[in-house]
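Below are the chains, spelled out letter by letter.
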Amino acid sequence: MDLIQKHGEDILDRPQQKYTADFKFAAIDRVLLGGEALRQVSLDLGLTNTGILAR
């Protein structure tokens with residue numbers, strides 16, 4: 001529900017995304033170096049599944 005509140009219902013209709021290496025490294029850095037929670041980073045970036053970032 002937080003994802004929809006932050007990004008709107010259209011986020012659920014979005015086709016599968018391809019992310020650049022820079023995007024991935026920046027997201028991982030936020031978690032590992034910045035100490036942010038996986039869930040919060042996933043929500044901020046509009047990832048529909050926190051497992052995407054955890055992997």
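Fair warning: this is a prediction, and the values are worked out from it, not measured in the lab. Within each chain, residue numbers correspond to sequence positions counted from 1 in written order. Local features are withheld for residues below a pLDDT of 70 in this predicted model, meaning they are given only at 70 or higher, and side-chain atom pairs are given and counted only at 80 or more; totals for whole chains, interfaces and linings count all residues. Side-chain measures here rest on the full set of heavy atoms in the structure, leaving out hydrogens and waters.

### Considering the pattern of salt bridges
Inference 1: When a carboxyl oxygen of Asp or Glu lies within 4 Å of a side-chain nitrogen of Lys or Arg, that pair is called a salt bridge. A full pass over the atoms with the stated rule returns two salt bridges.
Inference 2: Taking the shortest distance from any N to any O, the salt bridge between R30 and E36 comes out at 2.9 Å.
Inference 3: Each residue is assigned to one of three classes by its accessible area relative to the maximum for its type, calculated with a 1.4 Å probe on protein chains only: buried under 20%, partly exposed between the two thresholds, exposed over 50%. For R30, a relative accessible area of 23% corresponds to the partly exposed category.
Inference 4: Among the residues examined, E36 registers a relative accessible area of 30% and is labelled partly exposed.
Inference 5: The partner of D44 in a salt bridge is R30, with the nearest N and O atoms 2.7 Å apart. Here the residue D44 occupies a position in helix 3 (residues 38–45), and R30 occupies one in helix 2 (residues 21–32), the gap between them amounting to 14 residues.
Inference 6: Taking the relative accessible area as the measure of exposure, D44 reaches 27% and is therefore partly exposed.
Inference 7: Where salt bridges share partners, they join R30, E36 and D44 into one cluster. Comment: elements are numbered from the N terminus, with helices defined as DSSP H or I runs of at least four residues and strands as E runs of at least two.

### What about the layout of surface pockets?
Inference 1: Grid points spaced at 1 Å over the protein atoms alone were grouped into cavities, where a 1.4 Å probe fits but cannot get out, and pockets, open sets with protein on both sides within 12 Å along at least five of seven lines, with lining residues defined by an atom within 4 Å of a point. Grid points are joined across faces, edges and corners, and a volume is the space filled by probe spheres set on the points. Each pocket or cavity is described by its volume, and for the largest pocket that value is around 380 Å³.
Inference 2: In terms of lining residues, the largest pocket is bounded by 17 residues, among which Q17, Y19, L47, I52 and L53 are the most central.
Inference 3: For the lining of the largest pocket, the elements supplying multiple residues, two or more each, are helix 2 and helix 4 (50–54).
Inference 4: Under the convention adopted here, Pro, Cys and the residues Ala, Val, Leu, Ile, Met, Phe, Trp and Tyr are nonpolar, Asp, Glu, Lys and Arg are charged, and Gly plus all remaining residues are polar. In terms of residue class, the lining of the largest pocket is built from nine nonpolar, four polar and four charged.

### Overview of the nonpolar core
Nonpolar side chains in soluble globular proteins tend to be buried together.
Inference 1: We call a set of buried Ala, Val, Leu, Ile, Met, Phe, Trp, Tyr and Cys residues a nonpolar core when their side-chain atoms join them within 4.5 Å. Residues A27, V31, V41, L47 and L53 constitute the largest nonpolar core, which totals five residues.
Inference 2: If we ignore the near neighbours within four places in the chain, the residues touching V41 are A27, R30, V31, E36 and L53. The contact definition used throughout considers only heavy atoms, calling two residues in contact when any of these lie within 4.5 Å.

### Some points on the confidence of the model for the protein
Inference 1: Mean pLDDT over the protein works out to 84, with 93% of the residues at or above the 70 mark.
Inference 2: Model confidence for the protein, summarised as mean pLDDT per element, is weakest for helix 1 (residues 2–7) at 75 and strongest for helix 2 at 94. Residue-level confidence of the predictor is what pLDDT reports, using numbers from 0 through 100.

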